[in-house]
Structures are given as structure tokens and as C-alpha cells.
Amino acid sequence: MTPKRVLRDRRSHIFKTWVTPTLQATGFKKRGIVYVRDLGSVQHLFNHETGKINTAGKSSFTTNCGIHVPGVRVLYWGPGSVEPKAPDAAYGLLNVRPGLLTPARRDTWWELTSSDGPEKDDEVGQELLRLVEVAALPFFDRFRDERAVAEFLSQPRRKEDQQVMPFADTFELFFAAILWKRLGCKDRCRECIERERSKTKKRYGAKTDEAFFARFSCEDD
């Protein structure tokens with residue numbers, strides 16, 4: 001077995017031992033490396049992300065939380081855009097690394113090496129489990145339906161949520177408008193569009209925004 005395979009198997013065992021039981025107990029099912037909790041119009045996604053620079057004897061990884069609402073991103077990007085059949089957390093309409101939701105606001109990464117002692121995997125597993133319990137699951141529980149996502153995207157961002165993507169002043173009002181239209185809230189939809197129109201020419205991507213405005217209406221189709 002190659003050193004890289006050994007490290008990959010260790011990481012898989014850590015998740016299987018420490019993370020999987022807790023997530024499964026709260027309704028998540030595993031799909032490849034992604035844990036999915038399907039609530040109908042909203043899906044909660046959790047998975048690991050490996051570092052870009054790994055070697056045969058060292059591998060680093062972090063975790064991501066995503067709130068996926070099917071159809072919203074592709075509606076903003078327009079004709080030709082395709083939604084992945086099995087999205088990961090980073091594709092979520094909202095997504096964040098759970099360490100950034102803690103009071104320390106720390107982008108938490110773990111490193112496994114071929115020289116680790118036997119206690120290392122349990123230490124990493126315990127830290128992972130704690131982050132799932134204190135940050136990931138409370139985050140997911142805030143967004144159990146489309147309305148909760150729309151409200152979050154429509155409101156000024158609280159300090160503790162500053163690292164949740166999409167960042168403020170990017171796509172949040174476009175996504176909110178789409179959701180409010182789905183929910184039949186025309187006034188909330190128009191409010192988001194008007195707020196976005198007032199700033200859209202001030203940032204990169206204005207042409208994409210104008211294309212969206214041209215084909216999107218808050219009225220019923």
C-alpha cells in the first residue's frame with residue numbers, strides 16, 4: 001500500500017469513527033465523501049476538502065458546510081449553466097468552513113503525516129467531532145427551509161456570519177430575490193432587486209447582473 005493510500009485510509013477511518021455516527025443520527029446520509037441531509041427543497045451538505053499541496057508522507061484537510069437549494073444558482077447564471085447532479089458543500093447557496101463559525105473564527109485544518117504516533121488519529125477525530133457538534137450542526141439547523149435561507153440573504157450580515165458565503169455585497173440579493181419569488185413574496189422579491197440595482201454597476205460582474213435583470217421578473221411567470 002502506498003504512503004498516500006495509507007494517509008487517505010486513515011482520514012476515511014477518522015470520519016467513519018468520529019463523524020459518521022453523529023451525522024447519521026441527525027438525518028445525514030453519506031454519498032461518496034459528502035454527507036447529505038435532504039429536507040425537500042433544501043439540502044444540508046458536509047464534506048472534507050484536501051489541501052492543494054500534499055505529499056506521499058503528509059496530507060492536510062479541512063471541512064465545509066453547505067446549504068444547497070436546487071435551481072437557484074443556475075437561474076442566476078442563466079442559459080447554459082448546469083447544476084451538478086451530486087453537489088458538494090462548496091456549491092451550496094450558503095457555504096462556510098465550520099471553524100469560521102466558532103468564537104475564534106479560525107479556518108481549521110488538520111494534518112496527517114507518516115510519522116504520526118498512534119494517538120494522532122483519535123486527537124483529530126475528537127476535534128472534528130467537537131466542531132461538528134458546536135458549529136456545523138447548529139449552522140445547519142438555522143436553515144431548514146427556503147424561507148430561512150431567503151431571510152438570511154436579505155438581512156445585514158451579523159458579525160458572527162461574516163465568513164459565510166456568498167459574502168455581503170456579492171450575490172446574496174440575487175439569490176434572495178429568486179427565493180422570495182418561489183415563496184410567492186413579490187414585495188420581498190422586488191425589494192431585493194431594487195437594492196441590488198442600486199449597487200450593481202459599482203462592482204465587477206455588472207454585465208452578468210444586467211442579463212439577469214433582463215430575464216427575471218418578480219411577478220408570476
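So, here's what we can say about the structure. (Residues numbered from 1 in each chain as written. Predicted model: local features only at pLDDT ≥ 70, side-chain atom pairs only at ≥ 80, totals over all residues. Heavy atoms only, no water.)

1. Remarks on the environment of Gly-51
At step 1: Checked against the element boundaries, Gly-51 lands in the loop between strand E3 (43-50) and strand E4 (58-68).
At step 2: Spatially, the C-alpha atoms of Gly-51 and Thr-62 are 7.7 Å apart, while their sequence positions differ by 11 residues.
At step 3: Beyond its immediate sequence surroundings of up to four residues, Gly-51 is in contact with Ser-60, Phe-61 and Trp-109. (Helix = DSSP H or I, 4+ residues; strand = E, 2+ residues; numbered from the N terminus. Contact = heavy atoms within 4.5 Å.)

2. Let's talk about the packing of aromatic side chains
At step 1: Evaluated as defined, the whole model comprises 18 aromatic pairs.
At step 2: Centroid distance Phe-15 to Phe-61: 5.8 Å. Interplanar angle 55 degrees. Geometry classified as tilted. With Phe-15 in helix H1 (residues 3-25) and Phe-61 in strand E4, this residue pair connects regions lying 46 residues apart in the sequence.
At step 3: Overall, the relative accessible area of 6% leaves Phe-15 in the buried class.
At step 4: A residue is classified by how much of its surface remains accessible, and Phe-61, at 0% relative accessible area, is buried.
At step 5: Summarising the aromatic geometry, the rings of Phe-174 and Phe-213 are spaced 5.5 Å apart at their centres and angled 40 degrees between planes, so their arrangement reads as tilted. Here the residue Phe-174 occupies a position in helix H5 (residues 172-182), and Phe-213 occupies one in helix H7 (residues 206-215), the gap between them amounting to 39 residues. The pair Phe-174 / Phe-213 is uniform in exposure class, with both members buried.
At step 6: Here the aromatic cluster, defined as three or more aromatic residues joined through ring pairs, consists of Tyr-76, Trp-77, Phe-171, Phe-174, Phe-175, Phe-212, Phe-213 and Phe-216.
At step 7: Its end group placed over the ring of Tyr-91, Arg-73 keeps NZ or CZ at 5.4 Å from the ring centre. (Phe/Tyr/Trp six-rings, centres within 6.5 Å; stacked < 30°, edge-to-face > 60°. Buried < 20%, exposed > 50% of the residue type's maximum accessible area, 1.4 Å probe, protein only. Lys NZ or Arg CZ within 6 Å of the ring centre and 35° of its normal.)

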